[in-house]
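What follows is the residue order along each chain.
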Amino acid sequence: MRDVDYSGSRWIPPARPNKEGVLSVVPSPILEARDVNLLFHTGGETLHVLRDVCFALQPGEVASVVGPSGSGKTSLLMVLAGLEKATSGVVSIDGTDIEALDEDGLAIFRRNNFGILFQNFHLIPSMTALENVAFTLEIAHPTRPYADIRRAALDALAEVGLKERAGHFPSALSGGEQQRVGLARAIVGEPRILLADEPTGNLDQATGASVIEQMFSLARGRGTAILLITHDLRLAARADRTLSMNQGRLEEVTVNREVMA
Ligand SMILES: Nc1ncnc2c1ncn2[C@@H]1O[C@H](COP(=O)(O)OP(=O)(O)O)[C@@H](O)[C@H]1O
Ligand SMILES: [Mg+2]
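It is not clear to me how the site of ligand 1 should be interpreted in this structure. Could you clarify?
Lining the immediate environment of ligand 1, one finds Phe 40, Thr 42, Leu 47, Val 49, Pro 68, Ser 69, Gly 70, Ser 71, Gly 72, Lys 73, Thr 74 and Ser 75. Within the backbone of Ser 71, one N or O atom sits 3.2 Å away from an oxygen atom of ligand 1. Bound to the protein, ligand 1 loses 62% of the 560 Å² it would expose on its own. Contributing elements (two or more residues each) for the shell around ligand 1: strand E1 (31-42), strand E2 (45-57) and helix H1 (73-80). It is H1 that provides the largest number of residues to the shell around ligand 1, a total of three residues. Here the residues of the shell around ligand 1 are counted per class, giving four nonpolar, seven polar and one charged.

Below, the structure is given as C-alpha coordinates:
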(Lines give C-alpha, C1' and ligand atoms only; values in the text may rest on other atoms or scores of the structure.)
(Ligands and ions follow the chains in the order given, each with its own letter.)
Protein backbone atom coordinates (compact mmCIF):
# COMPACT_ATOMS: atom_id res chain seq x y z
CA MET A 1 0.00 0.00 0.00
CA ARG A 2 1.20 3.47 -0.76
CA ASP A 3 0.87 6.20 1.74
CA VAL A 4 -0.96 8.68 -0.48
CA ASP A 5 -3.94 10.84 0.34
CA TYR A 6 -6.24 11.10 -2.65
CA SER A 7 -8.95 13.04 -0.87
CA GLY A 8 -10.51 15.86 -2.83
CA SER A 9 -8.25 17.41 -5.41
CA ARG A 10 -5.42 17.88 -2.96
CA TRP A 11 -2.60 15.47 -3.66
CA ILE A 12 -0.11 14.67 -0.95
CA PRO A 13 3.06 12.87 -1.99
CA PRO A 14 4.05 9.70 -0.17
CA ALA A 15 6.45 10.06 2.74
CA ARG A 16 9.34 7.64 2.32
CA PRO A 17 11.82 6.44 4.89
CA ASN A 18 15.39 7.63 4.36
CA LYS A 19 18.50 5.52 4.98
CA GLU A 20 18.10 5.86 8.74
CA GLY A 21 14.48 4.75 8.50
CA VAL A 22 13.18 8.22 9.34
CA LEU A 23 10.20 9.40 7.32
CA SER A 24 11.33 12.28 5.17
CA VAL A 25 9.60 15.63 5.44
CA VAL A 26 7.07 15.97 2.64
CA PRO A 27 8.77 18.20 0.04
CA SER A 28 7.21 21.61 -0.35
CA PRO A 29 5.43 22.17 -3.65
CA ILE A 30 7.04 24.28 -6.34
CA LEU A 31 3.57 25.47 -7.36
CA GLU A 32 0.49 25.58 -5.22
CA ALA A 33 -3.07 26.88 -5.47
CA ARG A 34 -5.25 27.00 -2.37
CA ASP A 35 -9.00 27.54 -2.58
CA VAL A 36 -8.70 29.54 -5.78
CA ASN A 37 -11.82 31.07 -7.25
CA LEU A 38 -12.01 33.06 -10.45
CA LEU A 39 -15.08 35.05 -11.44
CA PHE A 40 -15.64 37.11 -14.55
CA HIS A 41 -18.28 39.81 -14.68
CA THR A 42 -19.43 40.41 -18.25
CA GLY A 43 -22.53 42.15 -19.51
CA GLY A 44 -24.33 42.00 -16.16
CA GLU A 45 -23.55 38.30 -15.87
CA THR A 46 -21.19 36.63 -13.45
CA LEU A 47 -19.23 33.64 -14.67
CA HIS A 48 -17.74 31.43 -11.95
CA VAL A 49 -14.80 29.98 -13.90
CA LEU A 50 -12.66 28.39 -11.14
CA ARG A 51 -14.31 26.98 -8.03
CA ASP A 52 -12.34 26.29 -4.84
CA VAL A 53 -9.40 24.90 -6.76
CA CYS A 54 -6.67 23.27 -4.67
CA PHE A 55 -3.64 22.02 -6.49
CA ALA A 56 -0.01 21.30 -5.70
CA LEU A 57 2.83 20.39 -8.03
CA GLN A 58 6.04 19.01 -6.58
CA PRO A 59 9.45 19.84 -8.06
CA GLY A 60 10.06 17.61 -11.07
CA GLU A 61 6.53 16.22 -11.07
CA VAL A 62 4.47 15.89 -14.26
CA ALA A 63 0.72 16.44 -13.97
CA SER A 64 -1.85 16.55 -16.72
CA VAL A 65 -5.26 18.21 -16.77
CA VAL A 66 -8.09 17.04 -19.01
CA GLY A 67 -11.63 18.36 -19.26
CA PRO A 68 -14.24 19.66 -21.67
CA SER A 69 -13.84 22.85 -23.62
CA GLY A 70 -14.85 25.85 -21.53
CA SER A 71 -14.33 24.04 -18.21
CA GLY A 72 -11.60 26.44 -17.04
CA LYS A 73 -8.31 24.74 -17.96
CA THR A 74 -6.70 27.74 -19.65
CA SER A 75 -7.99 29.98 -16.87
CA LEU A 76 -6.27 27.72 -14.35
CA LEU A 77 -2.99 28.02 -16.24
CA MET A 78 -3.35 31.81 -16.44
CA VAL A 79 -3.96 32.08 -12.70
CA LEU A 80 -1.09 29.72 -11.82
CA ALA A 81 1.31 31.71 -14.02
CA GLY A 82 0.14 34.99 -12.48
CA LEU A 83 -1.20 36.16 -15.85
CA GLU A 84 -4.72 36.37 -14.43
CA LYS A 85 -5.47 37.42 -10.87
CA ALA A 86 -7.55 35.01 -8.79
CA THR A 87 -10.73 36.54 -7.34
CA SER A 88 -9.98 34.76 -4.08
CA GLY A 89 -7.50 32.19 -2.83
CA VAL A 90 -3.75 31.91 -2.87
CA VAL A 91 -1.24 30.94 -5.55
CA SER A 92 2.30 30.37 -4.39
CA ILE A 93 5.48 29.47 -6.19
CA ASP A 94 8.17 27.81 -4.15
CA GLY A 95 6.52 29.20 -1.02
CA THR A 96 6.17 32.79 -2.27
CA ASP A 97 2.60 34.09 -2.45
CA ILE A 98 2.41 35.78 -5.86
CA GLU A 99 -0.20 38.22 -4.50
CA ALA A 100 2.61 39.84 -2.53
CA LEU A 101 4.48 40.82 -5.71
CA ASP A 102 3.97 44.02 -7.65
CA GLU A 103 3.62 44.01 -11.45
CA ASP A 104 7.36 44.20 -12.17
CA GLY A 105 8.21 41.70 -9.45
CA LEU A 106 5.64 39.31 -10.85
CA ALA A 107 6.99 39.66 -14.40
CA ILE A 108 10.52 38.85 -13.21
CA PHE A 109 9.25 36.01 -11.06
CA ARG A 110 7.33 34.57 -14.00
CA ARG A 111 10.35 34.76 -16.32
CA ASN A 112 12.55 33.05 -13.75
CA ASN A 113 10.16 30.24 -12.92
CA PHE A 114 7.96 29.45 -15.91
CA GLY A 115 8.33 28.21 -19.43
CA ILE A 116 5.04 28.26 -21.31
CA LEU A 117 4.04 26.29 -24.38
CA PHE A 118 0.95 27.33 -26.34
CA GLN A 119 -1.32 25.55 -28.78
CA ASN A 120 -0.62 28.05 -31.55
CA PHE A 121 3.16 28.07 -30.98
CA HIS A 122 3.20 31.89 -30.66
CA LEU A 123 6.48 32.26 -32.52
CA ILE A 124 7.38 35.69 -33.86
CA PRO A 125 7.10 35.30 -37.67
CA SER A 126 9.76 37.91 -38.50
CA MET A 127 12.38 36.17 -36.37
CA THR A 128 14.35 33.02 -37.17
CA ALA A 129 14.09 29.96 -34.93
CA LEU A 130 17.33 31.01 -33.24
CA GLU A 131 16.14 34.60 -32.73
CA ASN A 132 12.82 33.40 -31.31
CA VAL A 133 14.63 31.31 -28.70
CA ALA A 134 17.31 33.92 -28.00
CA PHE A 135 14.71 36.68 -27.56
CA THR A 136 13.43 35.10 -24.34
CA LEU A 137 16.92 35.27 -22.85
CA GLU A 138 17.56 38.78 -24.12
CA ILE A 139 14.51 40.00 -22.23
CA ALA A 140 15.35 38.06 -19.08
CA HIS A 141 19.05 38.99 -19.10
CA PRO A 142 19.47 42.32 -20.90
CA THR A 143 23.11 42.69 -19.85
CA ARG A 144 24.20 39.16 -20.83
CA PRO A 145 26.56 39.17 -23.84
CA TYR A 146 24.72 38.20 -27.03
CA ALA A 147 27.37 35.56 -27.84
CA ASP A 148 26.37 33.71 -24.65
CA ILE A 149 22.69 34.08 -25.41
CA ARG A 150 23.21 32.81 -28.94
CA ARG A 151 25.12 29.78 -27.68
CA ALA A 152 22.42 28.94 -25.12
CA ALA A 153 19.71 29.32 -27.79
CA LEU A 154 21.63 27.06 -30.19
CA ASP A 155 22.10 24.48 -27.43
CA ALA A 156 18.36 24.53 -26.72
CA LEU A 157 17.60 24.10 -30.44
CA ALA A 158 20.10 21.23 -30.57
CA GLU A 159 18.29 19.57 -27.65
CA VAL A 160 15.06 19.53 -29.64
CA GLY A 161 16.90 18.32 -32.75
CA LEU A 162 16.63 21.59 -34.68
CA LYS A 163 20.14 22.97 -34.71
CA GLU A 164 20.23 22.72 -38.50
CA ARG A 165 17.05 24.80 -38.74
CA ALA A 166 18.28 27.65 -36.51
CA GLY A 167 18.35 30.16 -39.37
CA HIS A 168 14.88 29.28 -40.67
CA PHE A 169 11.80 31.43 -40.19
CA PRO A 170 8.69 29.84 -38.65
CA SER A 171 6.91 29.86 -42.03
CA ALA A 172 9.57 27.47 -43.37
CA LEU A 173 9.01 24.98 -40.54
CA SER A 174 6.35 22.30 -40.12
CA GLY A 175 3.88 22.49 -37.22
CA GLY A 176 5.85 19.92 -35.25
CA GLU A 177 9.09 21.81 -35.85
CA GLN A 178 7.49 25.09 -34.82
CA GLN A 179 6.31 23.53 -31.59
CA ARG A 180 9.80 22.15 -30.96
CA VAL A 181 11.13 25.71 -31.39
CA GLY A 182 8.43 26.66 -28.85
CA LEU A 183 9.78 23.94 -26.58
CA ALA A 184 13.37 25.16 -26.99
CA ARG A 185 12.18 28.67 -26.15
CA ALA A 186 10.29 27.38 -23.10
CA ILE A 187 13.31 25.53 -21.66
CA VAL A 188 16.16 27.87 -22.63
CA GLY A 189 15.78 29.92 -19.44
CA GLU A 190 15.98 26.74 -17.31
CA PRO A 191 12.55 27.28 -15.72
CA ARG A 192 11.48 25.14 -12.79
CA ILE A 193 7.94 24.83 -14.10
CA LEU A 194 6.73 24.17 -17.62
CA LEU A 195 3.10 25.03 -18.35
CA ALA A 196 1.70 23.64 -21.59
CA ASP A 197 -1.80 24.52 -22.84
CA GLU A 198 -2.91 21.97 -25.43
CA PRO A 199 0.53 22.08 -27.07
CA THR A 200 -0.41 19.31 -29.51
CA GLY A 201 -3.81 20.75 -30.43
CA ASN A 202 -2.58 21.78 -33.88
CA LEU A 203 -0.48 18.69 -34.55
CA ASP A 204 -1.34 15.22 -35.79
CA GLN A 205 -1.31 12.39 -33.25
CA ALA A 206 2.17 11.04 -34.03
CA THR A 207 3.85 14.45 -34.21
CA GLY A 208 2.10 15.57 -31.04
CA ALA A 209 3.17 12.44 -29.19
CA SER A 210 6.79 12.94 -30.24
CA VAL A 211 6.79 16.58 -29.09
CA ILE A 212 5.35 15.51 -25.72
CA GLU A 213 7.94 12.72 -25.37
CA GLN A 214 10.64 15.29 -26.02
CA MET A 215 9.12 17.70 -23.52
CA PHE A 216 8.91 15.01 -20.82
CA SER A 217 12.43 13.78 -21.39
CA LEU A 218 13.93 17.29 -21.36
CA ALA A 219 11.99 18.15 -18.22
CA ARG A 220 12.86 14.92 -16.42
CA GLY A 221 16.55 15.42 -17.21
CA ARG A 222 16.41 18.88 -15.65
CA GLY A 223 14.02 18.23 -12.78
CA THR A 224 11.46 20.63 -14.29
CA ALA A 225 7.86 20.23 -13.12
CA ILE A 226 5.20 20.12 -15.86
CA LEU A 227 1.54 20.96 -15.96
CA LEU A 228 0.18 19.67 -19.26
CA ILE A 229 -3.32 20.56 -20.40
CA THR A 230 -4.44 18.23 -23.15
CA HIS A 231 -7.48 16.76 -24.85
CA ASP A 232 -5.52 13.65 -25.70
CA LEU A 233 -6.16 11.05 -23.00
CA ARG A 234 -3.27 8.91 -24.18
CA LEU A 235 -0.86 11.80 -23.71
CA ALA A 236 -2.48 12.74 -20.39
CA ALA A 237 -1.81 9.22 -19.10
CA ARG A 238 1.92 9.69 -19.77
CA ALA A 239 2.05 12.16 -16.85
CA ASP A 240 2.67 11.06 -13.25
CA ARG A 241 -0.96 11.87 -12.47
CA THR A 242 -4.02 13.22 -14.23
CA LEU A 243 -6.58 15.67 -12.90
CA SER A 244 -9.83 16.58 -14.53
CA MET A 245 -11.49 19.96 -14.76
CA ASN A 246 -15.27 20.09 -14.77
CA GLN A 247 -17.19 23.36 -14.65
CA GLY A 248 -14.35 25.04 -12.79
CA ARG A 249 -13.74 22.23 -10.32
CA LEU A 250 -10.47 20.37 -10.39
CA GLU A 251 -10.97 16.79 -9.31
CA GLU A 252 -10.42 13.06 -9.80
CA VAL A 253 -6.78 12.40 -9.32
CA THR A 254 -5.53 9.40 -11.24
CA VAL A 255 -2.03 8.24 -10.45
CA ASN A 256 -0.43 6.92 -13.62
CA ARG A 257 3.04 6.26 -12.41
CA GLU A 258 4.90 5.84 -9.12
CA VAL A 259 6.38 9.19 -8.17
CA MET A 260 9.82 9.06 -6.70
CA ALA A 261 9.89 11.10 -3.49
N1 LIG B 1 -11.29 37.11 -19.90
C2 LIG B 1 -12.44 36.45 -19.81
N3 LIG B 1 -13.62 37.14 -19.64
C4 LIG B 1 -14.79 36.49 -19.54
N5 LIG B 1 -14.93 35.15 -19.60
C6 LIG B 1 -13.82 34.42 -19.77
C7 LIG B 1 -12.51 35.03 -19.90
N8 LIG B 1 -11.59 34.03 -20.05
C9 LIG B 1 -12.29 32.88 -20.04
N10 LIG B 1 -13.62 33.09 -19.87
C11 LIG B 1 -14.66 32.07 -19.77
O12 LIG B 1 -14.27 31.14 -18.79
C13 LIG B 1 -14.70 29.84 -19.13
C14 LIG B 1 -13.53 28.90 -19.11
O15 LIG B 1 -12.66 29.22 -20.20
P16 LIG B 1 -11.26 28.52 -20.42
O17 LIG B 1 -10.48 28.61 -19.17
O18 LIG B 1 -10.65 29.10 -21.63
O19 LIG B 1 -11.69 27.01 -20.67
P20 LIG B 1 -10.91 25.80 -21.36
O21 LIG B 1 -9.48 26.19 -21.49
O22 LIG B 1 -11.15 24.63 -20.44
O23 LIG B 1 -11.56 25.57 -22.68
C24 LIG B 1 -15.38 29.95 -20.47
O25 LIG B 1 -16.76 30.00 -20.27
C26 LIG B 1 -14.84 31.23 -21.03
O27 LIG B 1 -15.74 31.84 -21.91
MG1 LIG C 1 -8.24 26.29 -23.16
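What's the story with the pattern of salt bridges in this structure? I'm lost.
Any two side chains of opposite charge can pair, given that their charged atoms come close. All chains considered together, the criterion is met by eleven salt bridges. What emerges from the salt-bridge pattern is a single network uniting Glu 159, Glu 190 and Arg 222.

In this structure, what is going on with the confidence of the model for the protein? I would like to understand it.
With 89% of its residues at a pLDDT of 70 or more, the protein has an overall mean of 89. Every residue in residues 1-11 is under pLDDT 50, and counting partners more than four places away or in other chains gives 29 contacts.

Cut-offs applied
- Residues numbered from 1 in each chain as written.
- Chains lettered and ligands numbered in written order.
- Predicted model: local features only at pLDDT ≥ 70, side-chain atom pairs only at ≥ 80, totals over all residues.
- Heavy atoms only, no water.
- Near = heavy atom within 4 Å.
- Polar contact = N/O pair within 3.5 Å; in protein donor to acceptor, adjacent residues only side chain to side chain.
- Areas by Shrake-Rupley, 256 points an atom, 1.4 Å probe, with all protein chains shown as cover.
- Helix = DSSP H or I, 4+ residues; strand = E, 2+ residues; numbered from the N terminus.
- Nonpolar A, V, L, I, M, F, W, Y, C, P; charged D, E, K, R; others polar.
- Salt bridge = Lys/Arg side-chain N within 4 Å of Asp/Glu carboxyl O.
- pLDDT = per-residue confidence, 0-100.
- Contact = heavy atoms within 4.5 Å.

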